[in-house]
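Analysis of the macromolecular model
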Amino acid sequence: MLTISVLGCGYLGVTHAAGMAELGHQVIGIDIDPEKIAALADGRVPFFEPGLDELITRNLAEGRLRFSTAYEDAATADVHFICVGTPQRSDTSAADLSHLHAAIEGLAPSLADGCLVVGKSTVPVGTAAHLAEMLRVLAPDREKVTVAWNPEFLREGTAVADTLRPDRLVLGVADTSAEAVLREVYAPLIEAGVPVVVADLPTAEVIKTAANSFMATKISFINAIAEFCDASGADVTVVAEALGRDPRIGEQFLKAGLGFGGGCISKDIRAFRARAHDLGVGHALAFLAEVDAVNLRCRDRVVELLRKQCGGGFTGRRVAVLGAAFKPNTDDIRDSPALYVAELISREGGVAAVYDPRAMGNARRAFPHLTYTTSPQDAARGADAVALLTDWQEFATLDPRVLGKEVKSRNIVDGRHLLNAEEWQQAGWQYVAPGRPALQN
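This write-up is about the structure you can find in this document. Along every chain, residues carry numbers that run from 1 in the direction the sequence is written. Per-residue local features of the predicted model are confined to residues with pLDDT of at least 70, and side-chain atom pairs are confined, for both listing and counting, to 80 or more; whole-chain, interface and lining totals are unaffected and use all residues. Values reported for side chains reflect all heavy atoms of the structure, with hydrogen atoms and water molecules removed beforehand.

**Some words on the sheet that holds strand β11 (residues 371–372)**
Keep this limit in mind: At least two DSSP bridges between two strands are required for those strands to pair. A run of H or I in DSSP becomes a helix once it reaches four residues, and a run of E becomes a strand once it reaches two; helices and strands are each numbered from the N terminus. The contact criterion used is simple: two residues touch if any of their non-hydrogen atoms lie within 4.5 Å. Structural elements are reduced to axes, namely lines fitted to C-alpha atoms, with helices fitted over the stretch in contact, and the angle between N-to-C directions of any two is expressed from 0 to 180 degrees.
Reading across the sheet, the 6 strands line up as β11-β10-β9-β12-β13-β14 and stay open at both edges, with parallel pairing between neighbours. The open sheet is flanked by β11 and β14 (430–432), the only strands paired with a single partner. Note that strand β9 (residues 318–322) and strand β10 (residues 351–355) share 5 bridges and pair parallel. Note on β10: the bridge partner recorded for Val321 is Val354. This element, helix α12 (residues 287–309), spans β9, β12 (385–388), β13 (411–414) and β14 of the sheet and lies at about 170° to β13.

**Some words on the pairing of β12**
Here is the rule we go by: The buried label goes to any residue with under 20% of its type's maximum accessible area, the exposed label to any with over 50%, and the partly exposed label to all in between, with areas taken from a 1.4 Å probe on protein chains only.
A two-sided burial pattern is seen for β12, the buried positions comprising Ala385 and Ala387 on one face and Val386 and Leu388 on the other. Where β9 lies against β12, 4 bridges are found, and the strand directions are parallel. What sits directly across from Val321, in β12, is Ala387. Relative to β13, β12 is paired through 3 bridges, and the arrangement is parallel. Residue pairing for β13: Val386 is matched across the bridge by Ile412.

**Regarding helix α9 (residues 201–232)**
At 3.6 residues per turn, the α-helix brings residues three or four places apart onto the same side. This is how the line gets drawn: Expected helix span is given by 1.5 Å per residue-to-residue step, counting one fewer step than there are residues.
Here α9 spans 47 Å end to end across 32 residues, near enough to the 46 Å set by a 1.5 Å rise per residue. Looking one or two places after α9, you find Gly233, whose phi comes out positive at around 85°.

**Focus: the side chain of Glu49**
To keep it simple, the criterion reads: Under the convention used here, Asp and Glu are negative, Lys and Arg are positive, and both His and the chain ends fall outside the count. Salt bridges are defined by distance alone: a side-chain nitrogen of Lys or Arg within 4 Å of a carboxyl oxygen of Asp or Glu.
Within the secondary structure, Glu49 sits in the loop between α2 (34–41) and α3 (52–61). Buried charge without a partner: Glu49 forms no salt bridge, and the closest opposite charge is Lys327, 7.7 Å away. Residues contacting Glu49, with those up to four places away along its chain left out, are Tyr11, Arg155, Glu156, Gly157, Thr158, Ala159, Val160 and Asn329.

**Brief notes about the pattern of salt bridges**
The final tally for this structure, using the stated rule, is 29 salt bridges. Here Glu179 and Arg183 are joined by a salt bridge, their closest N and O atoms 2.9 Å apart. Taken together, the residues Glu179 and Arg183, both in helix α7 (residues 176–185) and 4 residues apart, mark about one turn of the helix. Two residues, Arg270 and Asp292, come together in a salt bridge whose shortest N-O distance is 2.7 Å.

**Quick notes on the environment of Ile82**
With respect to the helices, strands and loops of the structure, Ile82 is situated in strand β4 (residues 79–82). Overall, Ile82 belongs to the buried group, its relative accessible area being 0%. Along the backbone, Ile82 and Asp141 are 59 residues apart, and their C-alpha atoms lie at a distance of 21 Å. Ignoring sequence-local partners within four residues, the contact set of Ile82 consists of Leu7, Leu100, Ala103, Ile104, Leu107, Val117, Val118, Gly119, Lys120 and Ser121.

**As for the packing of helix α1 (residues 11–22) against α3**
This is how it is decided: Here roughly perpendicular refers to angles of 65 to 115 degrees, roughly parallel to angles under 35, roughly antiparallel to angles over 145, and oblique to all remaining angles. Note: crossing handedness is left-handed where the near helix turns anticlockwise from the far helix by less than a right angle, and right-handed where it turns clockwise. Note on residue categories: nonpolar means Ala, Val, Leu, Ile, Met, Phe, Trp, Tyr, Cys or Pro, charged means Asp, Glu, Lys or Arg, and polar means any other residue, Gly included.
Here α1 crosses α3 at 50°, and the two axes come no closer than 9 Å. Relative to α3, the element α1 is oriented oblique. Crossing hand, α1 versus α3: left-handed. Listed contacts from α3 to Val14, Thr15, Ala18, Gly19, Ala21 and Glu22 of α1 are Leu52, Leu55, Ile56, Arg58 and Asn59. Tallied by class, residues from the contact of α1 with α3 come to 6 nonpolar, 3 polar and 2 charged.

**A word on the packing of aromatic side chains**
Using the following cut-off: Here a pair means two rings of Phe, Tyr or Trp (six-membered ring of Trp) with centres within 6.5 Å. Their orientation is stacked below 30 degrees between planes, edge-to-face above 60, and tilted elsewhere. For a lysine, the NZ atom is tested; for an arginine, the CZ atom; a charge sits over a ring if that atom is within 6 Å of the ring centre and within 35 degrees of the ring normal.
Counting across every chain of the model gives 3 aromatic pairs. Both rings, one in Tyr11 and one in Phe47, keep their centres 5.1 Å apart while their planes meet at 40°; by these two values the pair is tilted. Taken together, the positions of Tyr11 in helix α1 and Phe47 in the loop between α2 and α3 put the pair 36 residues apart, joining distant regions of the chain. For the residue pair Tyr11 and Phe47, the accessibility class agrees, reading buried in each case. When the ring of Tyr355 is compared with that of Phe395, the centres are 6.2 Å apart and the planes differ by 65°; the resulting orientation is edge-to-face. Taken together, the positions of Tyr355 in strand β10 and Phe395 in helix α16 (residues 393–396) put the pair 40 residues apart, joining distant regions of the chain. Accessibility classification places Tyr355 together with Phe395 in one group, the buried group. Geometry around Phe153 places Arg168 over its ring, the cationic atom sitting 3.6 Å from the centre. In this structure, Arg299 packs its charged tip against the face of Tyr340, placed 5.6 Å from the ring centre.

These results come straight from atomic positions and should not be treated as a statement about function.
Structure representation (structure tokens):
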């Protein structure tokens, strides 16, 4: 058992802290936000993630997990995980590392000689070396403080499983002693058969950005094919099925629609390109600009489909917007494609009537001028069109005949290819989806 501190109690940090406590370590989460820390210490998680509340409550009760605003409370930890955010800078597409620098500056005076500082945040290559140099300056009397990098691969909605049953562990280390400590941290997972990839520091940093960039490329690829299918009369869902059966390609991330959102992938691919430019190899990742552009076009294409269903414009029209979170099983609305669409409908004089199973509170705070409803049926009442924009399972089971009794016109844009098109058509709906030829009634 080790003593572990986790700096940054946002989505990544809270999940990692709870996971490390569940593995049997003594864990303290550190954050400068006193309200957040008070809530966590009371077992209240400030965001929705399936299973996380129970994990935190259990480990608080068993004494393995606690939270604090004081860096000094982390002084005795053997391992310090840095889990702060690295958002996009406001002036460029590069990553903003100010929170990371602040965490190191706050932690350095409390470091014990011989401890390990481990980054988990997604960062530009070379960041670990820079932080090691910062620590040499800020903690010169602690010569044995070592830096490692252990990138996270959490998916919102399945983060607890991704922490306790990951598909791989990446240990970015500069020496065998750091590797040994990280293997001790993750001993239960390694004993259970989780594969371990050992890399040097820059390689570990690149692995995470490369992974996100590949996923983004695959998603944008199938959405580019959807654009082509719209022009050619082909069906992107059948194309995707055939491609997915090729073992060289695989079926994951081949679902056309609104594309990706959230707080990670978009900013990560932009930061990756910015770092490539800094290193003089911007041409190598130039294709990521089109990956980004395709993703943004997806949203406008769905808006255009809705506009056509509303007679050419949204003025005086009501659109039921099913979904606000950027993906299901989360309340995260950062860069939400669904809310992007809702906002455009509102700007063009329409009423965007929004419903989401979990993200209503966050959506209301960020977009107070939109209309919020209590159910899919409430959103659809009197609607000229329905837009399915987040693929919650609740929406997959909607009865088209029941919903059809609420709307003014039976028009639906399935932005996530979630529904059975034939079933909705048979119920009298005009069903359209990106990359699918129009169905004949």
